Amino acid sequence: MPKHHRVSVNGISLQITEQGEGPLVLLLHGFPETSYSWRHQIQPLAEAGYRVVAPDQRGYGGTNCPEGVDHYTILHLVGDVVGLIHALGERQAVVVGHDWGAMVAWNTALIRPDVVRGVVGISVPPLPRGPVPPMAAARERFGEDFYQVYFQQPHVAEAELSKDIPATLRKVLAGTRKAAGEGAGGFLGPFAEPDVLPGWLTEADLATFAGQFSTSGFTGGLNWYRNLDRNWELTTAWQDAPITPPSLYLSGERDSVRGIYPPDFLDNPDEIVPNLRGVVDIPDSGHWTQQERPAEVNKALLDFLSGL
C-alpha cells in the first residue's frame, strides 16, 4: 500500500506518497491538483518494479507554502525535485509531470540532466525560452483576460477560487465551457458547473482535493504563475540548450492546452529533445489526462520505462 510521509528538502517539508521498490520514478502534479491526481498510476508502476514517489509540490496540499512570490521560481521547483531525489537516497530518477508539473519535469531535465534518467511531459510540451518575457507574449496573443495574465494580480484570483472551493474544483476539473459571450469575468466565469460528474471523477475524489486546498489555499500554486517572467530572466543561460535525457510526450486529443502550447517542438525535435522516444496522443481525453485515461497513460509510461 502507498505510504504517506514527509521529507525535508531545501528548507521546506514535502508531503509525499510512496510505494514500491526499484528505480525511482517521480510524479509531479499540475494546477489545481496535488499528488492525489496520480492515484491511478502509483500502484501499477510500483507493481511493475519501480519506486514511485508523488509529492505535493511547493505550495500545495500537505507541503509547506513559503511566504513571498519569489520563493516559487522554476529554480526553486527544480531544486525541490533534485533535493527530493537525493533525500530519498537516490542519484537519479525518471521525472514525470503533468500540466505545470510537466514544465518542472522538462526544466529539471534541462538544468540537471545528470539526475534525470528519463523525462515524461503530459499535456505541456517542452517550451524553448522565447525572445520576449512570457507575459508580454501572452498579452499580445490572448489579451488581458487570459487566465495567466489574470493570475498576476495579487489576491484577486485567490479570493475568487477560495470563495467556494468545492464549486471551484467542480468547475475546473469537470465543468464545461460556456458559449462565447455567456461567461462572466474572472477565471471561473467561462466554466459551467456540471450537473453530473464524469465517470473518471467521483464525489470522494472532489472531496479529497477540496480538503487539501482548504488547508493549503491557492496562493502557492498561483505564485508559480507569478514567476513566469522571472523564470524567463533566470533561465538566460539555458537559451537554445537541448533537453538531452530520453524523453516522452503525452497529450490528450481534446486537451485545450494544445491551443495555448501547440507541440511546435515536433517540427525540429532533434534541436529541442534529441533523445525523444515517442509522442502519444491519448484518445478521448481532455486536459486531466492521467485521471481521465489511466490505462492508456500507464501503458505509455511502462513502455517508456522498460526501454530505459
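Look up: the structure comes first, before these words.
Treat the numbers as computed from the prediction; the structure is a model and nothing was measured.

1. A short note on the overall build of the chain
Here comes step 1: When you go through the chain residue by residue, the secondary structure sums to 13 helices and ten strands.
Here comes step 2: Relative to the globule expectation of 19 Å for 308 residues, the C-alpha radius of gyration of the chain, 18 Å, shows essentially globular dimensions.
Here comes step 3: In terms of its C-alpha atoms, the chain occupies a principal-axis envelope of roughly 50 × 45 × 40 Å.
Here comes step 4: When contacts within the chain are restricted to residue pairs at least 6 apart in sequence, those whose partners lie at least 24 apart make up 75%.
Here comes step 5: Carbon and sulfur atoms make up 52% of the accessible area of the chain, which totals about 13000 Å².

2. So, helix 13 (residues 294-306)
Here comes step 1: Spanning 13 residues, helix 13 covers 18 Å between terminal C-alpha atoms, matching the ideal 18 Å at 1.5 Å per step.
Here comes step 2: Considered for burial, the residues of helix 13 that qualify are Val297, Asn298, Ala300, Leu301, Phe304 and Leu305. Across the axial projection of helix 13, the buried residues extend over an arc of 165 degrees, all falling on one side. Turned more than 90 degrees away from the buried face of helix 13 sit Ala295, Lys299 and Ser306, all of them exposed.

3. A few points about the sheet that holds strand 1 (residues 3-9)
Here comes step 1: Spatial strand order, 1-2-4-3-5-6-9-10: eight strands in an open sheet with mixed pairing. The sheet is open, and its two edges are formed by strand 1 and strand 10 (276-282), each paired on a single side. The sheet shows a mean angle of 20 degrees between the axes of neighbouring strands, direction not considered.
Here comes step 2: Of the pairings in the sheet, the one linking strand 3 (residues 24-28) to strand 5 (residues 93-98) comprises four bridges and is parallel in character.

4. Some thoughts on the side chain of Asp80
Here comes step 1: Residue placement: Asp80 occurs in helix 2 (residues 74-87).
Here comes step 2: Residues within four places of Asp80 in sequence aside, it is in contact with Val9, Asn10, Ile12, Leu14 and Arg58.

5. Comments concerning unusual backbone geometry
Here comes step 1: In this model, Phe31 is joined to Pro32 through a cis peptide bond whose omega is -10 degrees.
Here comes step 2: Relative to the elements of secondary structure, Pro32 occurs in the loop between strand 3 and helix 1 (42-47).

What counts, and at which threshold
Residues numbered from 1 in each chain as written. Predicted model: local features only at pLDDT ≥ 70, side-chain atom pairs only at ≥ 80, totals over all residues. Heavy atoms only, no water. Helix = DSSP H or I, 4+ residues; strand = E, 2+ residues; numbered from the N terminus. Rg over C-alpha atoms; globule rule 2.2 N^0.38 Å. Contact = heavy atoms within 4.5 Å. Areas by Shrake-Rupley, 256 points an atom, 1.4 Å probe, with all protein chains shown as cover. Expected span 1.5 Å × (residues − 1). Buried < 20%, exposed > 50% of the residue type's maximum accessible area, 1.4 Å probe, protein only. Arc of directions from axis to C-beta. Pairing = 2+ DSSP bridges. Axes fitted to C-alpha atoms, helices over the stretch in contact; angles between N-to-C directions.

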